Amino acid sequence: RPPQLQLAAPLTVAFAPASLPRDLPGPLPFSETREQETRLNPQTSITSRYEMFYRSTTAREEAALQAATLREADAALRLLQDAPLGALAIYVLPETSSLLPQGINIYVGRHRSALVRAAPGLAALRARLQQVAHVMSFTAASVSAALSDRVPASQLGPDAGRHFKSSLGYEITFSLLNPDPKSHDVHWDIEDAVGRYVQPLVDKLSFMANFSVASQILYYAVLGVTPRFDKESSSFLLSAHSLPHVINPVEARLGSSAASLYPVLNFLLYVPERSHSPLYIQDKDGALVGTNAFHSPRWGGIMVYNVESPAAPQASLPLRVDVDMVRVMEVFLAQLRLLFGITREELPPEFLMESPGNEGLADWELDRLLWARTVENIATVSTTLTSLAQLLDKIGNIVIKDDVASEVYRAVAAVQSAMEELALGHLHSAFQASKEAITSSERAFFDPSLLHLLYFPDDQKFAIYIPLFLPMAVPILLSLGKMLREARQRKKDPTKTD
């Protein structure tokens, strides 16, 4: 039976001078807890608990809030914080504060803090604090997406099936497809681009899983779909309904997923051949896609990179093409975030949110991802151990070695620890425990001593042993038959006795 989960997020609310609402229930500091239960299905429910601690700002925090810009204030507050993973700090500013622009009541920074304009009453302030918690911490929707296998499709959002499932590792592969090397001599500085754009994001996510990044150039690799020529624009078009047919022919050339232990995220940069240039992608409504790219859920993304034709028709071939990596990596980074389930919801106009910058991921977005992945890991371990128990019940004569049993016990203990840490709001230790549980449960499930017994049913035993025992059994059975006939004959003709 799947576990009943409790998630607790610690929130610190710090009031700057002249920002206290009139109807506070008591003097600072004080605490309160907001709790909500969400039932995902008849067996699974999740209790969300926000533990709010109200206090006054310190002198150093007040000095940080005197910064000239919001970004400077966010950076200064980051240096003063010692917030663990999953914790948030919300600073309440006076209603007349000039730090927040006109019409903006909530500012969400890059780290684990937010600035909120004070409200006259506690009820209005609580509503704003709840908005911040829903944006920056876990929500019922984000957790439901992590448990998409257990939740009815009607309860899931449109992005629920896009992201990769939780794994202990991922392989990211960047591929340059040049189907027409006679016409185009394409150069891309992928090493520098990965170092500048991808590596900071991977470093931030390294706590979650192991990552490896590779790149390759494939020549004469075509999309497998013939684009349609459009006379009006003198260009070639790929329509939305033909995009699914693009991936299979290309994937056969990639060759990366066959030898990989972990899920592979494929990012393809396609330079169309000269005879099909320029090539544009159309969406379902027939409009051209601005990025000229599309992504495939749980697979990766493809971007079409058009080459400008030379002004002089007698230009020598192949043309040298230097790829603008800034434009390319902006698209691939956006697709990478989508594949990990890092999405930003539509916000009300009173919200102002800082972009994540070079790291590609804000600290609170990492926390939000870890909440979901911890819950997903717990559910996966529950399913794995249940499946293992059902398999072992079906095989009556199986011998379970001590090391397999110890891995099962270790997985159960780690899951229990992860659930306890989640309920206490300790995201770091909860996620680590859930990773240990995944590792132990998979070691037990795929142990070599069990694997061959799973594919050795009773009918195969008969098929193996009958040819061995049948030659021996025939003379024995014939002898038994002869002895029975002789015994019957003796009963019919009893010997005469004197």
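In this text, all values refer to a predicted model and were calculated from it rather than measured experimentally.

1. Examining the overall build of the protein chain
And step 1. Looking only at helices and strands, one finds 12 helices and 17 strands in the protein chain.
And step 2. Since a compact globule built from 498 residues should have a radius of gyration of about 23 Å, the 32 Å found for the protein chain marks it as more spread out than a globular shape.
And step 3. In terms of its C-alpha atoms, the protein chain occupies a principal-axis envelope of roughly 135 × 80 × 35 Å.
And step 4. The buried share of the protein chain, taken over its 498 residues, is 47%.
And step 5. Pairs at least 24 apart in sequence give 76% of the contacts found in the protein chain among residues at least 6 apart.
And step 6. About 26,100 Å² of surface is accessible on the protein chain, with carbon and sulfur atoms providing 55% of the total.
And step 7. Across the protein chain, 45 positive and 53 negative side-chain charges occur, with their mean positions spaced 8 Å apart.

2. Some details on the packing of helix α5 (residues 190–205) against helix α7 (residues 325–339)
And step 1. Their axes nearest at 11 Å, the elements α5 and α7 cross at an angle of 35°. Crossing geometry of α5 relative to α7 is assigned as right-handed. Contact residues: Ile190, Ala193, Arg196, Tyr197, Val198 and Leu201 in α5; Met325, Val326, Met329, Leu333 and Leu336 in α7.
And step 2. In terms of residue class, the contact of α5 with α7 is built from 10 nonpolar, no polar and one charged.

3. Re the sheet that holds strand β11 (residues 235–238)
And step 1. Sheet architecture is open: three strands sit in the order β10-β11-β13, paired in mixed fashion. Lying at the two open borders of the sheet, with one neighbouring strand each, are β10 (228–230) and β13 (279–281). With direction set aside, neighbouring strand axes in the sheet form an average angle of 40°.
And step 2. Pairing analysis gives three bridges linking β11 to β13, with the strands arranged parallel. Among the inter-strand pairings, Leu238 is bridged to a residue of β13, identified as Ile281.

4. Section: the packing of helix α8 (residues 363–394) against helix α10 (residues 427–445)
And step 1. Packing of α8 against α10 brings their axes to within 9 Å, and their N-to-C directions diverge by 25°. Put simply, α8 runs roughly parallel to α10. As for the relative orientation of α8 and α10, their crossing is left-handed in sense.
And step 2. Partitioned by chemical class, the residues of the contact of α8 with α10 number 14 nonpolar, seven polar and three charged.

5. Topic: the pairing of strand β16 (residues 319–322)
And step 1. In β16, alternate side chains face the same way, and those of Leu319 and Val321 are buried while those of Arg320 and Asp322 on the opposite face are not.
And step 2. In terms of strand pairing, strand β8 (residues 184–187) meets β16 through four bridges, oriented parallel. Looking at β16, one finds that His187 is bridged to Asp322.

6. Points about the environment of Pro84
And step 1. Within the secondary structure layout, Pro84 lies in the loop between α2 (70–80) and β4 (88–93).
And step 2. Along the chain, Pro84 and Ser166 lie 82 residues apart, while their C-alpha atoms are 22 Å from each other.

7. Let's talk about a nonpolar patch on the surface
And step 1. Taken together, the side chains of Phe462, Ile466, Leu470, Val474 and Leu478 present a nonpolar region at the surface, about 520 Å² in accessible area.
And step 2. By secondary structure assignment, the location of Leu478 is in helix α12 (residues 458–492).

8. Re the environment of Ala18
And step 1. Tracing the chain through its elements places Ala18 in the loop between β1 (5–15) and β2 (30–39).
And step 2. Separated by 78 residues in sequence, Ala18 and Thr96 have C-alpha atoms that sit 9.4 Å apart.

9. Quick word on the domain arrangement of the protein chain
And step 1. Structurally, the protein chain comprises domain 1 (5–148 + 346–354), domain 2 (169–340), domain 3 (364–452) and domain 4 (456–493).
And step 2. Put simply, the middle of domain 1 and the middle of domain 4, counted by C-alpha atoms, are 82 Å apart.

10. Side note on the pattern of salt bridges
And step 1. Summed over all chains, the structure comprises 14 salt bridges.
And step 2. For the salt bridge of Arg71 with Glu354, the shortest nitrogen-to-oxygen distance reads 2.7 Å. Of the two residues, Arg71 sits in helix α2 while Glu354 sits in the loop between β17 (351–353) and α8, which places them 283 residues apart along the sequence.
And step 3. Residues Arg320 and Asp322 are paired through a salt bridge, measuring 3.1 Å at the closest nitrogen-oxygen approach.
And step 4. Because the salt bridges share partners, they merge into one network encompassing Arg78, Arg112, Lys204, Asp363 and Asp367.

11. Some thoughts on α8
And step 1. Between its terminal C-alpha atoms α8 stretches 47 Å, which fits the 46 Å expected from 32 residues at 1.5 Å a residue.
And step 2. A large share of α8 lies buried, amounting to 23 of its 32 residues.

12. What to know about the sheet that holds strand β6 (residues 113–117)
And step 1. The sheet built from seven strands is open, its strands ordered β2-β3-β1-β4-β6-β5-β17 with mixed pairing. What marks the edges here is a single partner per strand, and that holds for β2 and β17. The mean angle between the axes of side-by-side strands here comes to 20°, regardless of whether they run parallel or antiparallel.
And step 2. With 11 bridges connecting them, β1 and strand β3 (residues 45–56) associate as parallel partners. Residue pairing across strands places Leu5 opposite Ile46, the latter belonging to β3.
And step 3. Sitting on the sheet, helix α3 (residues 122–136) is in contact with β1, β2, β3, β4, β5 (106–108), β6 and β17, with an inclination near 155° to β6.
And step 4. Along the sheet face, α8 touches β1, β4, β5 and β17 and points at about 160° away from the line of β1.

What counts as what
- Residues numbered from 1 in each chain as written.
- Predicted model: local features only at pLDDT ≥ 70, side-chain atom pairs only at ≥ 80, totals over all residues.
- Heavy atoms only, no water.
- Helix = DSSP H or I, 4+ residues; strand = E, 2+ residues; numbered from the N terminus.
- Rg over C-alpha atoms; globule rule 2.2 N^0.38 Å.
- Buried < 20%, exposed > 50% of the residue type's maximum accessible area, 1.4 Å probe, protein only.
- Contact = heavy atoms within 4.5 Å.
- Areas by Shrake-Rupley, 256 points an atom, 1.4 Å probe, with all protein chains shown as cover.
- Lys, Arg positive; Asp, Glu negative; His and termini not counted.
- Charge placed at Lys NZ, Arg CZ, Asp CG, Glu CD.
- Axes fitted to C-alpha atoms, helices over the stretch in contact; angles between N-to-C directions.
- Left-handed = near helix turned anticlockwise from the far one by under 90°.
- Nonpolar A, V, L, I, M, F, W, Y, C, P; charged D, E, K, R; others polar.
- Pairing = 2+ DSSP bridges.
- Parallel < 35°, antiparallel > 145°, perpendicular 65-115°, else oblique.
- Patch = residues over 30% accessible without salt bridge, like charges linked within 9 Å, V, L, I, M, F, W, Y side chains within 5 Å.
- Salt bridge = Lys/Arg side-chain N within 4 Å of Asp/Glu carboxyl O.
- Domains from an automatic or database assignment.
- Expected span 1.5 Å × (residues − 1).

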